[in-house]
Amino acid sequence: MCAQPPRLKKSPGLARPRPKSDSRWITAGQSAIHGRGVYARELIPDGTRVIEYTGERITKAEAARRETQRLARQRNDGDDSVYIFNLTRRHDLDGRTRRNVARLINHSCAPNCRIEVIRGRVWITARRDIPAGAELTFDYGFAFAEWPLHPCRCGAPRCPGFIVNSAQRWRLRQIPKAARIQRAAAISVGRHPRGALG
Ligand SMILES: [Zn+2]
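Residues numbered from 1 in each chain as written. Predicted model: local features only at pLDDT ≥ 70, side-chain atom pairs only at ≥ 80, totals over all residues.

### Re the overall build of the protein
Consideration 1: Counting secondary structure elements, the protein contains three helices and 10 strands.
Consideration 2: From first element to last, N terminus to C terminus, the protein shows the α and β order β-β-β-β-α-β-β-β-β-β-β-α-α.
Consideration 3: Expressed as a percentage of its 198 residues, the buried residues of the protein come to 30%.
Consideration 4: Excluding contacts between residues fewer than 6 apart, the proportion of contacts in the protein whose partners are at least 24 apart in sequence is 63%. (Helix = DSSP H or I, 4+ residues; strand = E, 2+ residues; numbered from the N terminus. Buried ≥ 20, exposed ≤ 12 C-beta atoms within 10 Å, placed from the backbone. Contact = placed C-beta atoms within 7 Å.)

### Some remarks on the nonpolar core
Consideration 1: Counting 24 residues, the largest nonpolar core has Ile 26, Val 50, Ile 105, Ile 124 and Leu 136 as the members making the most contacts within it.
Consideration 2: Only β2 (36-40), β3 (49-53), β5 (84-86) and β9 (121-126) provide two or more residues apiece to this core.
Consideration 3: Leaving out residues up to four positions away in the same chain, Ile 105 has contacts with Gly 37, Val 38, Ile 124, Leu 136, Thr 137 and Phe 138.
Consideration 4: Core analysis: the next-biggest nonpolar cluster, separate from the first, contains eight residues, Tyr 140, Cys 152, Phe 162 and Val 164 among them. (Core = buried A, V, L, I, M, F, W, Y, C linked by C-beta atoms within 7 Å.)

### Side note on the sheet that holds strand β4 (residues 56-59)
Consideration 1: Taken in spatial order, the three strands make up an open sheet running β4-β6-β5, and their pairing is antiparallel. With one partner strand each, in any of the chains shown, β4 and β5 form the two edges of the open sheet. Sheet twist, expressed as the mean angle between neighbouring strand axes with direction ignored, is 35°.
Consideration 2: With three bridges joining them, β5 and strand β6 (residues 91-94) adopt antiparallel strand pairing. Opposite Asn 86, over in β6, you have Asp 92 as the bridge partner.
Consideration 3: Its contacts with the sheet place helix α1 (residues 60-77) against β4, β5 and β6, and it is angled at close to 100° to β4. (Pairing = 2+ DSSP bridges. Axes fitted to C-alpha atoms, helices over the stretch in contact; angles between N-to-C directions.)

### Brief notes about α1
Consideration 1: The terminal C-alpha atoms of α1, which comprises 18 residues, lie 25 Å apart, in line with the 26 Å expected from a rise of 1.5 Å per residue.
Consideration 2: Among the 18 residues in α1, zero count as buried, and that is only a small part of the element. (Expected span 1.5 Å × (residues − 1).)

### So, the environment of Val 122
Consideration 1: One can find Val 122 in strand β9.
Consideration 2: As a C-alpha pair, Val 122 and Gly 55 span 67 residues in sequence and 9.7 Å in three-dimensional space.
Consideration 3: When residues no more than four places from it in sequence are discounted, the contact partners of Val 122 are Glu 52, Tyr 53, Phe 85, Leu 93, Ile 115 and Val 117.

The structure is reproduced here in structure tokens:
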């Protein structure tokens, strides 16, 4: 079940929706970071609302149940993608639906997009001018406590090798690099063709 916009917005970014992505700005393709990613079709000006992150609105309890299932899949067949979005104190948004092209946007520790929650809807917004052909990224903002679960291959110069929200990333850097590399190698076995930590 997708939360579709009730009507076209005034934003020029959504004036000419395309059935596959609901945004004229982007196209999906093979990512240099992880799996498939999302790329700029043309220069996206700073501040543009690029695409809405749509999905199923679920309770925190349901989100926890689905996360447990996801972790089991991660152990079994390597499906490690996270699509559940922290929406409010009571609800999350599960973006695991093919229609939600925004689910393909990868995390980066030096992202070119940010999240905007406007009246209960989640938007991916450019935080600087994004040149045509560049991969779109935002900060997934994962909690520090979960760092061992989410290796990062974003390639940013200051990337600590795992996905943690920017405010707590300094804590990750205090963990010895050797320990981080070891952890990344352990979690990557059999799952990712590229080595962790680039
Ligand atoms: Zn990174």
